[in-house]
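Observations on the three-dimensional arrangement
In case you want the letters, here they are:
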Amino acid sequence: MATDMQKLLGTSEEDDDEEMDMDVKEEDDGDRRNRDTRAASGSSNDEFMFQQSMQDQVGTPGGGGSRRSRPLEEKERTKLRERHRRAITARILGGLRRHGNYNLRVRADINDVIAALAREAGWVVLPDGTTFPAKSQGAKPTGGSSAVAAGSSASHIASQQTSTPALRVVSSGRRSPVELSACRMKGVFTPAPSPYDILPTQSPELVGSVNKAEGLVGCSVDVINSKQILEIPPNLTEQDFSGTPYVPVYVMLPLGVINMKCELADRDGLVKHLRILKSIHVDGVKVDCWWGIVEGHSPQEYNWTGYRQLFQMVRDLNLKIQVLMSFHECGGNVGDDVCIPLPHWVAEIGRTNPDIYFTDREGRRNPECLSWGIDKERILRGRTALEVYFDYMRSFRIELAEFLEDGVISMVEIGLGPCGELRYPSCPIKHGWRYPGVGEFQCYDKYLSKSLRKAAESRGHLFWARGPENTGSYNSQPQGTGFFCDGGDYDGLYGRFFLKWYSQVLIDHADQILSLAKLVFDSSCIAAKLPDVHWWYRTASHAAELTAGFYNPSNRDGYAAIASTLKKHGATLSFVSGEVQVLNRPDDFSGALGEPEAVAWQVLNAAWDSDTPVARENSLPCHDRVGYNKMLESVKFRNDPDRRHLSSFAYSRLVPALMEGHNIVEFERFVKKLHGEAVMNHHHHHQQV
């Protein structure tokens, strides 16, 4: 409890036995830390549990040691002191939130405050509390909020932190789907990839109320500033992007901008922020249209009220909108600060027929989105999944037609899987996955199993009608498995048959939904979102890509077929990556043999070869010059003889910190460079609207 944490800062007036309690607590915490670290390295526990135990269990029975029984009077006195302290703490937190630009979570305790102040003073505070001066450690990860520094508990991160002899600016490409988004929710760091599932121990308060705090939507572990992320090299050369092609800039709106009743959550705050964005010449905003909100209560009853009001506001300010048809849940991914499940009526069907969800080999279900196995199965109250998606898109097209017809909506992104991305949910945190595990195949619901059996029959090998046995588990490394190791079964006859089928299911799903989307949205620009699965890219099998559905081992191009499917429907490829996130990385990507820039180039070239337009989206907020410069390199290709460029860039995400002081000035510079305008190198003040 926060109060017990505050006791750790006990004043001199505390009596001896309180001090004794404190010592015992610290001892217990040490034991617990060792225990949890051991568990984490064995993948049976996780960083989140560790932090929860640090924050929540300090004062629980067993955490306080042998407490002497105290007279009633003394207990009352202690209670009063605690109340007094809590009131002071609340006022300090309130002041810091209001005036100090500190995004403190709702239930912030003294540790959060000390950490925020220490970072402000230029210290590095890692999630486990290790603190050291930024300057003294040179290339040590600096900034508890950057994805690289934050994951100190997992062993793979430990290896990251020891090498790096000098500062390196390296692209990360979204360390894994989780990791980058992983750090978005304050106080919850999980050391790795895709925004996935909420951990079983996640307290509902954290999911539901972080947003209520101060609208801290999607904010990173701490407000990132250049002091915290790294020391900017004195010889940082600024590239001149003036005269380069104009790339439109969109800012992603907070996840909870529309509430569960489909109303605008904070109209006035939003108008204010939109005006500021307009004043620095941002082209538009990007927003999720959540299936769980719009068709939440009963089939084919749609409520678009809040979205209509939002689009009207955006149009009045002469901005444009990119929308995402979000057929996945929000709140299952680390980084989500609101909870928007799949529609209630779908969850009811799932209770009696859990095979509508993706399922792993052990039979664990993932209710984040629907399995592609039911695309053509008439089990959703008389409709197939494809019909449900089609009806939803058609309702949007009819109800919000004016915004499509007058061009206010410039792009409609179609959600194709978890996080809206075209991939299997192969790395779910809630099932214990941690970066850089290879993940697991997700084809064990009865509908996908039936499809695999059919494919095996048609090849005349009925014994192939099963998933591979020797793929290890979520946190295996390729060389530790018979399937993914060099020369492993992935490249044998059965392996190639299985992977071809598994990846074809993904391509067929994209093909079918995009053809329906093209029907609905006709001349409007549609898009599909692809993740950056870069870990194990430099091994022969590309294991993490295989489990995610991209059949891209070193002897095969797994992205060309996807790009040509998009091309067939005139869809843009929206690539999600985190170019800035990991600025201090050892060359081998902490042993995971990843190569984000290589993955990005392979995907971009697959798109360009098929003449498919490319948009890009970053996966974590960044507010500093070095990070923005890194993003610019991934958007503007200075040395490309064909002067190819992206069709748009979506910045994640609109948080209050972006709107303040120096941050908005830096963001304005970034927007100008994306627009190809000349940028003055001296700082200037920006008048907020």
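Anything mentioned here points back to the structure above.
Since the structure is predicted, the reported quantities are computational estimates derived from the model, not experimental observations.

**Things to note about the packing of helix H22 (residues 625-635) against helix H23 (residues 661-674)**
Close contact between H22 and H23 brings their axes to 10 Å; oriented N to C, the two are set at 15 degrees. Classified by the angle between their axes, H22 and H23 sit roughly parallel to one another. Regarding H22 and H23, the two cross each other, and that crossing is right-handed. In contact with Arg625, Tyr628, Asn629, Met631, Leu632 and Val635 of H22, H23 contributes Glu666, Phe667, Arg669, Phe670, Lys673 and Leu674. Here the contact of H22 with H23 is composed, by residue class, of seven nonpolar, one polar and four charged.

**A few points about the packing of helix H18 (residues 493-521) against helix H20 (residues 560-568)**
Following both chains from N to C, one finds H18 and H20 inclined at 10 degrees, their axes separated by 9 Å at the closest point. The angle between H18 and H20 places the two elements in the roughly parallel class. Counted together, Leu506, Ile507, Ala510, Asp511 and Leu514 of H18 and Ala561, Ile562, Thr565, Leu566 and Lys568 of H20 form the full contact between these two elements. Of the residues that constitute the contact of H18 with H20, the class distribution is seven nonpolar, one polar and two charged.

**Topic: the pattern of salt bridges**
Across all of its chains, the model carries 26 salt bridges by this definition. The partner of Arg383 in a salt bridge is Asp391, with the nearest N and O atoms 2.8 Å apart. Classification of Arg383 as buried rests on a relative accessible area of 7%. For Lys630, the salt bridge identified is with Glu597, shortest N-O distance 3.7 Å. Remark: Glu597 occurs in helix H21 (residues 596-609) and Lys630 occurs in helix H22; sequence separation between them is 33 residues.

**Focus: the pairing of strand S9 (residues 526-530)**
Most of S9 sits out of view: five of its five residues are buried. Side-chain alternation along S9 places Ile526, Ala528 and Leu530 on one buried face and Ala527 and Lys529 on a second face that is also buried. Judged from the three bridges that link them, strand S8 (residues 409-414) and S9 form a sheet pairing that is parallel. Bridge pairing in S9 places Val412 opposite Ile526. Note: S9 against strand S10 (residues 571-577), five bridges, orientation parallel. Bridge assignment links Leu530 to a residue of S10, and that residue is Phe575.

**Quick notes on the side chain of Glu617**
Here Glu617 is to be found in strand S11 (residues 614-618). Its relative accessible area of 5% is what places Glu617 among the buried residues. Leave out the neighbours within four places in its chain, and Glu617 touches Met252, Lys286, Glu413, Lys529, Ser574, Phe575, Val576, Ser577 and Ala650.

The rules behind each value
- Residues numbered from 1 in each chain as written.
- Predicted model: local features only at pLDDT ≥ 70, side-chain atom pairs only at ≥ 80, totals over all residues.
- Heavy atoms only, no water.
- Axes fitted to C-alpha atoms, helices over the stretch in contact; angles between N-to-C directions.
- Helix = DSSP H or I, 4+ residues; strand = E, 2+ residues; numbered from the N terminus.
- Parallel < 35°, antiparallel > 145°, perpendicular 65-115°, else oblique.
- Left-handed = near helix turned anticlockwise from the far one by under 90°.
- Contact = heavy atoms within 4.5 Å.
- Nonpolar A, V, L, I, M, F, W, Y, C, P; charged D, E, K, R; others polar.
- Salt bridge = Lys/Arg side-chain N within 4 Å of Asp/Glu carboxyl O.
- Buried < 20%, exposed > 50% of the residue type's maximum accessible area, 1.4 Å probe, protein only.
- Pairing = 2+ DSSP bridges.

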